[in-house]
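Per-entry structural report
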Amino acid sequence: MPVKPLPPQALKRRSDPAKLGFATTADLKDLDEPLGQERAVEALRFGIGIRSRGFNLFALGPTAIGKHATVRQFVEREAAQQPTPPDWCYVNNFADVHRPKALQLPAGLGAKLQKDMEQLIEELRTAIAAVFESDEYRTRRQSIDEEFREKQGHAFEALQKRANERQVALVRTPVGLALAPMKDNEVMSPDDFQKLPQEMRQGFEATIGELQKELQETIRQIPRWDKERREKVRDVNREVTEFAVGHLIEALRHKYRELADVVAYLNAVQEDVTENVTVFLAQSQAEEGQTLPQGAEASAAAAATPIAAAAPAILRRYQVNLIVDNSATKGAPIVYEDNPAQSNLVGRVEHIQQMGALLTDFALIQPGALHRANGGYLLLDARKLLTHPYAYDALKRALQAGEIRIESPAQMYSMISAVSLEPEPTPLSVKVVLLGERDIYYLLSAYDPEFAELFKVEVDFDEDVDRGPISGNSYSRLIATLVRQHKLRDLDAPAVARVIEFSARLAGHSRKLSIRRGLIGDILHEADYFAAEAERTVICESDVQAAIDARIRRADRVRERSQEQILEGTVLIDLEGERIGQINGLAVLSLGNMSFGRPNRITARVRMGRGEVIDIERQVELGGPIHSKGVLILGAYLSATFAPDRPLSLSASVVFEQSYSGVEGDSASSTELYALLSALAELPLRQSLAVTGSVNQYGQVQAIGGANEKIEGFFDLCRAKGLTGTQGVLIPDSNVKHLMLRDGVIEAVSAGKFHIYPIRTIDEGIEVLTGVPAGKRGRDGRFPDGTVNRKVEDRLIALAHARRAFGAGLPAEGT
């Protein structure tokens, strides 16, 4: 039976507005569950619920499908039922300032501790300043100083007395203390001393030598006495400081008595304040314009951290750096990091420039997304994560170790030399959800052995849903949900029906609907714009169609130029008449969000040869491997179908004419085979038809992609040149279910001006193209006379005889 063109109703599955059951989307409820994502929802519930280590999630699927919204919806439900995680702080490590300590506190207490410490600092400043200015302290301090001065004075007075008894004076000179001989209680001049008898001079020199030793011994005792004085002062200072600060810090110890780490930190604060009370005195007296007591400047400088030298020492040394504050968090935190750089994930230590050097301290530690999401959920875009250096490795290290270690790449690889910190790592308990395309997931699974150990839950999102009455109602609710989410005008039933048809076209299947929420949302936004332009309160079908047409118009410049080249004759395409070995193939070009079909002339030439079907595109490295595979199948089909008991003795060449870029895919393999059969049988092919479809070794025509775009591309060209009623397209029969053609094509088919033929086999297709029966082998093993297959087989047999005769040097035999 000859192949009949498809009827108009087979070219598009329409949505009947009357069967939708509502007037506008305002009558519909929001969609509660994700549409068509049953598999993904099951995986989400499992991955979120399981607490075992390594069961992090990877949500995979195309963009604009609503992965993030769906994941967040389920995560929020689970997070609301979980306990709020603790706060985290970094505080000064007084024993080693380069290794700050991490403190864990129940949610909300971190901010309170931070405020309590700020208040404590202010109270300490006041209390310490007051106690050190008290009369009691001054009296005790003066007593210690007076004791030192008295001891020093008594030592020199005793030496002076012994010297006077031996006629030697202890005198002060610009360079220090000195001993000199006396006469009549007066210091002798050098001249008078020289006039003394030698024995007397020697006696004075011996006496002075003895006294000089005593003087040196006394002077050596002074530092020891001063050290004793300072120790006594320090003891007094410690006693006074403990009296001033003990009750203040004790109040905080009592308040945080159940938190051992906080109590230990407060003990360390008290010890450090006591040891470095001069820091407070320095700040207080500096603010009042006073001068520190002698030696206090050095003590204060030694106690201050590097940054404290630039900022108020008291305010930074005892500060609490609150890096995670969950006081306002209800349940487990949910964090989406839009810029997952390494420092934004695990945190960083900032530096400030001071005197040409980069310095830092614990107060400059900044948290990362892992800190904020600790105890909850972290959502990351996989592509963004992988494009940031060191970020993916840092995430894996944190998950494997179960702790967050703040370190920069510069520090890890010794790229810079600067004062830095090694903050104490914080324990990590987080559920990570990566969101990305399928190719990223499969590449990571194939090439990263650690990936499967860390992301064990695959959440695979479908991009389309079966089209039926139930899904149609749910799809209408999805549209209503998107309308309300984006605060757009409601759609009437015909507009919703047109969106459903548009969705089926996006899915590339008349029996399915695309659930790529982003693309559907875009078309709703655009339709809302046209409704506003027309001053309508409800979006109607014409607004949706205007949005679709405008979207195509914005992106079809290249399609127009391509069609213009064909119409002008620059690119050779025949739309009428018949040609031997020449046929119109169809290809799809995709540029950005625009895909369109374009016809290509394919030609074939044959001669006697060694059974080769030469793919010219492959020979010049313009053909991809899949295209080359399709051409190789042609030779297999010819040798097995025609004259199987004789060697294939032809040399055939197939080429895409005027093709200046790469050719890939096997969707033209049936087209190339038709051109070869035409060249072998010397039967012309109708140029008013275009062909698409791949073929297997048994001559079955197989489905291809882009059927709608290919048909519409050839139709647009035919309409531009004028529809004759003989034009059409041959497509695989298995592609009929994919058809969702434009109304213009359907109208032309209804009027008999354009035809679409569903083809199952090469025999069916060659009959349509030549108007000659293909022919089937009879009982005698031969094809009927006058058929296409008989002509092809006869030609191949003749070529085999000619090749044999040529090899033997004999004249060629006929058939």
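Residues numbered from 1 in each chain as written. Predicted model: local features only at pLDDT ≥ 70, side-chain atom pairs only at ≥ 80, totals over all residues. Heavy atoms only, no water.

1. Let's talk about the overall build of the protein chain
The number of helices and strands found in the protein chain is 29 helices and 30 strands. Its C-alpha atoms give the protein chain a radius of gyration of 47 Å, more than 25% over the compact-globule value 28 Å for 815 residues. Projected onto its principal axes, the C-alpha coordinates of the protein chain cover approximately 160 × 80 × 50 Å. Out of the 815 residues belonging to the protein chain, those deemed buried represent 49%. A separation threshold of at least 6 residues defines the contact pool for the protein chain, and within that pool the share at least 24 residues apart is 76%. (Helix = DSSP H or I, 4+ residues; strand = E, 2+ residues; numbered from the N terminus. Rg over C-alpha atoms; globule rule 2.2 N^0.38 Å. Buried < 20%, exposed > 50% of the residue type's maximum accessible area, 1.4 Å probe, protein only. Contact = heavy atoms within 4.5 Å.)

2. A short note on the packing of aromatic side chains
Within a pair of aromatic rings, the relevant descriptors are the distance that separates the centres and the angle that separates the planes. In the structure shown here, the tally under the stated rule is 12 aromatic pairs. A centroid spacing of 5.6 Å and a plane angle of 70° characterise the contact between Tyr441 and Phe451, whose relative ring orientation is edge-to-face. With Tyr441 in helix α16 (residues 438-447) and Phe451 in helix α17 (residues 451-454), the pair connects residues that are 10 residues apart, well separated along the chain. Judged by centre distance (5.3 Å) and plane angle (75°), the ring pair of Tyr529 and Phe530 falls under edge-to-face. With relative accessibility at 48%, the residue Tyr529 sits in the partly exposed group. Following the ring pairs from residue to residue traces out a cluster consisting of Phe58, Tyr441, Tyr442, Phe451 and Phe455. (Phe/Tyr/Trp six-rings, centres within 6.5 Å; stacked < 30°, edge-to-face > 60°.)

3. Some points on helix α21 (residues 541-555)
Over its 15 residues, α21 runs 22 Å from end to end, which matches the ideal 21 Å to within 8%, given 1.5 Å per residue. Those residues of α21 not exposed but buried are Asp543, Val544, Ala547, Ile548 and Ala550. All buried residues of α21 project into a common sector of 160° when viewed along the axis, lining one side. Where α21 is buried, its residues meet α19 (493-507) and α20 (517-533). (Expected span 1.5 Å × (residues − 1). Arc of directions from axis to C-beta.)

4. Some points on the confidence of the model for the protein chain
Atomic detail in the predicted coordinates should be set aside for any region of low pLDDT. Per-residue confidence for the protein chain gives a mean pLDDT of 86, with 90% of residues at or over 70. Looking at the elements of the protein chain, mean pLDDT is at its lowest for helix α9 (residues 296-303), recorded as 44, and at its highest for strand β13 (residues 377-381), recorded as 97. Contacts of residues 291-311 to residues separated by more than four positions or lying in other chains number 35 contacts, the stretch itself having pLDDT below 50. (pLDDT = per-residue confidence, 0-100.)

5. Some points on the packing of α19 against α21
For any two helices packed against each other, one specifies the crossing angle of their axes together with the interaxial distance. Where α19 meets α21, the closest approach of the two axes is 7 Å, and the angle between their N-to-C directions is 30°. One way to sum up the angle between α19 and α21 is to call them roughly parallel. Counting all contacts with α19, which are made through Pro494, Ala495, Arg498, Val499 and Phe502, the residues of α21 involved are Glu541, Val544, Gln545 and Ile548. When grouped by side-chain class, the residues that make up the contact of α19 with α21 number 6 nonpolar, 1 polar and 2 charged. (Axes fitted to C-alpha atoms, helices over the stretch in contact; angles between N-to-C directions. Parallel < 35°, antiparallel > 145°, perpendicular 65-115°, else oblique. Nonpolar A, V, L, I, M, F, W, Y, C, P; charged D, E, K, R; others polar.)

6. Remarks on the sheet that holds strand β16 (residues 431-436)
Taken together, 5 strands build an open sheet; the order of strands is β8-β13-β16-β1-β17 and the sheet is parallel. Strands with a single pairing partner mark the edges of an open sheet, and in this sheet they are β8 (334-337) and β17 (457-460). Adjacent strand axes in the sheet meet at a mean angle of 20° when their direction is disregarded. Pairing of β8 with β13 involves 4 bridges; the strand directions are parallel. Paired with Ile334 across the strands is Tyr377, a residue of β13. (Pairing = 2+ DSSP bridges.)

7. Considerations on the pattern of salt bridges
Counted by the stated rule, this structure contains 48 salt bridges. The partner of Lys12 in a salt bridge is Glu501, and the shortest N-O contact between them spans 3.5 Å. Placement of Lys12 in the segment before α1 (38-49) and of Glu501 in helix α19 is noted, with a sequence separation of 489 residues between them. Residue classification places Lys12 among the buried residues on the basis of a relative accessible area of 8%. You can call Glu501 buried: its relative accessible area is 8%. Close ionic contact of Arg505 with Glu712 constitutes a salt bridge, the shortest N to O distance being 2.8 Å. Of this pair, Arg505 sits in helix α19 while Glu712 sits in helix α26 (residues 707-721), placing them 207 residues apart in sequence. Arg505 sits in the partly exposed class, given a relative accessible area of 22%. When its relative accessible area of 6% is taken as the criterion, Glu712 is described as buried. Linked by salt bridges that have partners in common, Arg505, Asp556, Arg559, Glu709, Glu712, Asp716, Arg719 and Arg742 make up one network. (Salt bridge = Lys/Arg side-chain N within 4 Å of Asp/Glu carboxyl O.)

8. As for the nonpolar core
Counting residues in each nonpolar core, the largest one holds 45 residues, and the members touching the most others are Leu638, Tyr674 and Leu676. The leading source of residues in this core is helix α25 (residues 669-681), at 8 residues. Formed by 35 residues, the second largest nonpolar core is a distinct cluster that contains Phe132, Tyr256, Leu281 and Leu322. (Core = buried A, V, L, I, M, F, W, Y, C linked by side-chain atoms within 4.5 Å.)

9. Points about the environment of Leu650
Looking at the element boundaries, Leu650 is found in strand β24 (residues 650-656). The class of Leu650 is buried, set by a relative accessible area of 0%. For Leu650 and Gly635, which are 15 residues apart along the polypeptide, the C-alpha to C-alpha distance reads 9.9 Å. In this structure Leu650 touches Val606, Arg607, Met608, Gly609, Arg610, Gly611, Glu612, Leu680, Leu796 and Leu799, once residues within four positions along its chain are discounted.

10. Overview of the pairing of strand β1 (residues 57-60)
In β1, alternate side chains face the same way, and those of Leu57 and Ala59 on one face and Phe58 and Leu60 on the other are all buried. Of the pairings in the sheet, the one linking β1 to β16 comprises 4 bridges and is parallel in character. Looking at β16, one finds that Leu57 is bridged to Val433. Two elements, β1 and β17, share 4 bridges in a ladder whose sense is parallel. Considered in β17, the bridge of Leu60 is made with Asp460.

11. Looking at the sheet that holds strand β7 (residues 320-324)
If you trace the 3 strands from one edge of the open sheet to the other, you get β3-β2-β7, paired in antiparallel fashion. Since the sheet does not close on itself, it has two edges, and those belong to β3 (101-105) and β7, each with one partner. Neighbouring strand axes in the sheet, compared pairwise and without regard to direction, differ in orientation by 30° on average. Bridge count for strand β2 (residues 87-91) against β7 is 4 bridges, and the pairing is antiparallel. Considered in β7, the bridge of Tyr90 is made with Asn321. Those strands touched by helix α7 (residues 260-275) are β2, β3 and β7, and its axis lies near 135° from that of β3.

12. A closer look at the domain arrangement of the protein chain
In terms of domains, the protein chain is made up of domain 1 (14-32 + 462-554), domain 2 (37-85 + 329-455), domain 3 (108-254 + 262-295) and domain 4 (572-808). Put simply, the middle of domain 1 and the middle of domain 3, counted by C-alpha atoms, are 89 Å apart. (Domains from an automatic or database assignment.)

13. A word on the side chain of Asn696
Counting through the fold element by element, Asn696 comes out in the loop between β27 (694-695) and β28 (701-702). Among the polar contacts listed, one links the side chain of Asn696 to the side chain of Gln700, at a separation of 2.8 Å. Each residue touching Asn696, except ones within four places of it in the same chain, is listed here: Ile633, Tyr637 and Gln702. (Polar contact = N/O pair within 3.5 Å; in protein donor to acceptor, adjacent residues only side chain to side chain.)

14. A word on helix α18 (residues 469-485)
When the terminal C-alpha atoms of α18 are compared, their 24 Å separation across 17 residues agrees well with the 24 Å that a helix rising 1.5 Å per residue should span. Within α18, burial applies to Ser471, Gly472, Ser474, Tyr475, Ser476, Leu478, Ile479, Ala480, Thr481, Leu482 and Val483. Where α18 ends, the next residue or the one after it, Lys487, has phi of about 55°, a positive value.

15. Observations concerning unusual backbone geometry
A positive phi is found at Tyr390, a non-glycine position, where the angle reads about 70°. Among the secondary structure elements, Tyr390 is positioned in the loop between α13 (382-387) and α14 (391-401). Of the residues examined, Tyr390 reaches a relative accessible area of 33% and is grouped as partly exposed. Non-glycine residue Lys487 carries a positive phi angle of around 55°.

16. Some words on the packing of helix α22 (residues 557-567) against α26
Between α22 and α26, whose axes approach to 11 Å, the crossing angle comes to 50°. Classified by the angle between their axes, α22 and α26 sit oblique to one another. Taken as a pair, α22 and α26 cross one another with a handedness that is right-handed. Taken together, the residues of α26 that come into contact with α22 (itself represented by Arg559, Gln563, Ile566 and Leu567) are Asp716, Leu717, Ala720 and Lys721. Among the residues forming the contact of α22 with α26, the class breakdown is 4 nonpolar, 1 polar and 3 charged. (Left-handed = near helix turned anticlockwise from the far one by under 90°.)

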